[in-house]
Amino acid sequence: MSKNAEELQEVLGSPLITSSNLSSSGYSTSQNDAILSRRVLRKIDWRLMPIMFITYNFNFIDKVILSSAAVFGLRDDTHLVGQQYSWVSSVFYFGYLGWTYPTTILIQKLPVGRYVSINTVIWGFVVACTALCTNYGGLISARFLLGMVESTTTPAFVYVTSMWYTREEIPVRTGTWFAGNSFGGFVASVLAYAIGQVEGSIAPWQWLFIIFGVATGLWGIIMLFTLPDSIESSPFLNEEEKKHVLDKVSQEGTGKTNRMTSIWRSEQAIECLIDPKTWLFFGISICTQIPNSGTQNFGNLVLEGFGFTSLQTTLVGIPSSFISFFTILITGWLSGKFNNLTCYLIVLVVLAPVAGSALIYSTKVSNGVKLFGYYLLATGPGALPLSMSLMSTNYKGVTKKMTVTAILFIAYCAGNIAGPQFFKTSEAPTYSTAFCSIMICYALVIVEALGLRLYLSWMNGKRQQSVENDATTKPNDLEEDTTDWQSCNMLYRL
């Protein structure tokens, strides 16, 4: 480039299009790449996000309809007494816990699209069969099996998101499909209100399980033909687009996740177990899920205690679904837009539930104020998708990522098993022990999130200092399956 051209470039503040970077179509190579990148990302989003969002709708609905069923006669018809309903709520996560780690291995070894789809068909069948339960033993068995088959969905979606998207793209996509949880709460409430008015030989609570179970199974069949197994096998991308995505996620993502070329590495699993951030993520997960399962399964019973009828509870809970839905979407977008905001966003979304649980715990406020406190709890579910997206972007190495995913969901299950047990039948309808524990758990999340940010900042500082001392790229940064500890030039997102 001539001196005059360089001076002109400096004045304009952007690179000049020259014969060296001009393509035959008249556009610069960088412009062509940008156009291709936008087009491919849009195609991926339109294929994956609706599938994952709708699946997560069903994932949430099929868990929370137990709460609606409880006020529509399930407890009386199945002769539940004492803490038996709490155990029916908890046992789902025993099944979830027992199958979480095996399923993370199968996700890595099997065609992930087909594996998730078949699981969805099976879980729909199990939900529909729950309508046949007539006693405590039947409910316990059905809910345990449902936990097993549903345990595949979330780790599979974390895996799929990290497979298709870069570190910068992951947070908003995780927030998008996870928001299906909250939107599913809205759908469940509206349909439960309608189904709750059905009269006939089949009880309303049985219709809930039949209708949603059949719908889930049919959706699983649709998934079987629409959710791709991998980038290489995706039918909606041409060869140029597939190569572009593979190159992009390899260079800018969190490491390749091609099941055909990846092998299990025990040293990566050990590294995950001794990594301090693993246990900070573990703490955030367990402390957010103790409140989560309790309010999911006892929400309608709590609202009944505020003076609402069984039918009214299904409608009164709708604002909570919307608050949670928009909290997850907005914080996911903010997390993706601003690299180092996620830990602060986790703190922000759990502050309101601390206040809300304190209001419900108090005996000196009216039921109207307690209802306001109940709505404040609705921002709390936003903490888990933020934590998951942060985990996805801060771990490299196939085995290490799958190990931390399993650990995260072990914590998820443990929290959800414990949560319903704090709702003591003897304390109904105030459930004072439960709301005291919810307040403490969310307060601990604040401490854990700030501790995580402090640790990651310290690690970034060490790496920046190391790069300044040695500007060369470390050899193992260039290997295909390296961990974040081995990738010395990688900076963690905060």
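Each chain has its residues counted from 1, following the order in which its sequence is written. For a predicted model such as this one, the threshold for reporting local features is a pLDDT of at least 70, and the threshold for listing and counting side-chain atom pairs is 80 or more; totals across whole chains, interfaces and linings nevertheless cover every residue. Derived side-chain values reflect all non-hydrogen atoms in the structure, with water molecules and hydrogen atoms excluded from consideration.

- Where an unreviewed UniProt entry is consulted, the protein appears under the name Major facilitator superfamily domain-containing protein, with the organism given as Lentinula guzmanii.
- UniProt positions are given in the numbering used here, feature names are shortened, and annotations may be inferred rather than shown by experiment. Recorded in UniProt under Subcellular location (unreviewed entry), the annotation for the protein is "Membrane".

### Details of the packing of aromatic side chains
Phase 1: Pairing of aromatic side chains requires ring centres within 6.5 Å, counting the rings of Phe and Tyr and the six-membered ring of Trp. Pairs whose planes differ by under 30 degrees are stacked, by over 60 edge-to-face, and all others tilted. In total, this model carries 29 aromatic pairs according to the counting rule given.
Phase 2: Ring geometry for Tyr56 and Phe178: centres 5.3 Å apart, planes at 45°, overall tilted. Of this pair, Tyr56 sits in helix α2 (residues 29-71) while Phe178 sits in helix α8 (residues 170-178), and the two are 122 residues apart along the sequence.
Phase 3: The buried label goes to any residue with under 20% of its type's maximum accessible area, the exposed label to any with over 50%, and the partly exposed label to all in between, with areas taken from a 1.4 Å probe on protein chains only. Classification of Tyr56 as buried rests on a relative accessible area of 3%.
Phase 4: When the ring of Phe281 is compared with that of Tyr395, the centres are 6.2 Å apart and the planes differ by 55°; the resulting orientation is tilted. Here Phe281 is found in helix α13 (residues 276-305), whereas its partner Tyr395 is found in the loop between α18 (383-394) and α19 (398-418), with 114 residues between them in sequence. Here Phe281 and Tyr395 have matching classes, each one buried. Counting from the N terminus, the helices are DSSP H or I runs at least four residues long and the strands are E runs at least two residues long.

### Overview of a nonpolar patch on the surface
Phase 1: A surface patch of nonpolar side chains, amounting to about 730 Å² of accessible area, comprises Ile118, Val121, Ile122, Val214, Leu218, Ile221, Leu224 and Phe225.
Phase 2: Counting residues per element, the ones that place at least two in the nonpolar patch are α5 (112-129) and α10 (204-226).
Phase 3: By secondary structure assignment, the location of Ile122 is in helix α5. Patch membership requires more than 30% relative accessible area and the absence of a salt bridge. Residues of like charge join within 9 Å; the nonpolar side chains Val, Leu, Ile, Met, Phe, Trp and Tyr join within 5 Å. The Shrake-Rupley method, run with a 1.4 Å probe, gives the accessible areas here. Residue values count only the displayed protein chains as cover. We define a salt bridge as a contact between a side-chain nitrogen of Lys or Arg and a carboxyl oxygen of Asp or Glu at a distance within 4 Å.

### Overview of the nonpolar core
Phase 1: Here, nonpolar core means buried Ala, Val, Leu, Ile, Met, Phe, Trp, Tyr and Cys residues that are tied together by side-chain atoms lying within 4.5 Å of each other. Counting residues in each nonpolar core, the largest one holds 126 residues, and the members touching the most others are Leu48, Trp164, Trp177 and Phe209.
Phase 2: Per-element accounting of this core gives the leading share, 18 residues, to α2.
Phase 3: Trp164 has contacts with Ile44, Leu48, Pro228, Ser230, Ile231, Ser234, Phe236, Leu237, Val245 and Val249, leaving out every residue within four places of it along the chain. The criterion used for residue contact is that any of the two residues' heavy atoms lie within 4.5 Å.

### Comments concerning the packing of α8 against helix α9 (residues 180-195)
Phase 1: Between N-to-C directions, angles cover 0 to 180 degrees, with each direction set by a line fitted to C-alpha atoms, over the stretch in contact for helices. Following both chains from N to C, one finds α8 and α9 inclined at 20°, their axes separated by 5 Å at the closest point. By the angle between their axes, α8 is roughly parallel relative to α9. On the side of α8, the interface is formed by Thr176, Trp177 and Phe178, while α9 contributes Gly180, Asn181 and Ser182.
Phase 2: Each residue gets one label: Ala, Val, Leu, Ile, Met, Phe, Trp, Tyr, Cys and Pro are nonpolar, Asp, Glu, Lys and Arg are charged, and the others, such as Gly, are polar. Across the contact of α8 with α9, the residue classes break down as two nonpolar, four polar and no charged. Working definition: roughly parallel below 35 degrees, roughly antiparallel above 145 degrees, roughly perpendicular at 65 to 115 degrees, and oblique for all remaining angles.

### Considering the confidence of the model for the protein
Phase 1: Confidence of the predictor in every single residue is expressed as pLDDT, which spans 0 to 100. Mean pLDDT over the protein stands at 84; residues scoring 70 or higher make up 89%.
Phase 2: Below a pLDDT of 50 lies the segment residues 255-261, which in the model reaches 20 contacts outside its immediate sequence neighbourhood of four places, other chains included.

### A word on the environment of Arg39
Phase 1: Tracing the chain through its elements places Arg39 in helix α2.
Phase 2: A relative accessible area of 30% means that Arg39 is categorised as partly exposed.
Phase 3: Taking C-alpha positions, Arg39 is 9.0 Å from Glu241, a pair spaced 202 residues apart along the chain.
Phase 4: If sequence neighbours within four positions are ignored, Arg39 has contacts with Glu240 and Glu241.
Phase 5: Throughout this description, a polar contact denotes any pair of N or O atoms lying within 3.5 Å of each other; where both atoms belong to protein, one of them has to be capable of donating a hydrogen while the other can accept it, and for residues adjacent in sequence the pair is counted only when both atoms sit in side chains. Side-chain polar atoms of Arg39 contact the side chain of Glu241, separated by 3.2 Å.

### Here's the deal with α18
Phase 1: Expected span, for any helix, means 1.5 Å times one less than how many residues it has. The end-to-end C-alpha distance of α18, which contains twelve residues, comes to 17 Å, matching closely the 16 Å that a straight helix rising 1.5 Å per residue would cover.
Phase 2: Most of α18 sits inside the fold, with twelve of its twelve residues counted as buried.
Phase 3: Listed as buried for α18 are Ala383, Leu384, Pro385, Leu386, Ser387, Met388, Ser389, Leu390, Met391, Ser392, Thr393 and Asn394.

### Let's talk about unusual backbone geometry
Phase 1: In this structure, the amide linkage connecting Ala428 to the following residue, Pro429, adopts the cis form with an omega of 5°.
Phase 2: Assignment of secondary structure puts Pro429 in the loop between α19 and α20 (432-469).
Phase 3: Although it is not a glycine, His79 adopts a positive phi angle of roughly 60°.
Phase 4: Positionally, His79 belongs in the loop between α3 (74-77) and α4 (84-109).
Phase 5: On the basis of relative accessibility, which here comes to 57%, the residue His79 falls in the exposed class.
Phase 6: You will see that Tyr431, though not glycine, has its phi angle at about 50°, which is positive.
Phase 7: Mapped onto the secondary structure, Tyr431 falls in the loop between α19 and α20.

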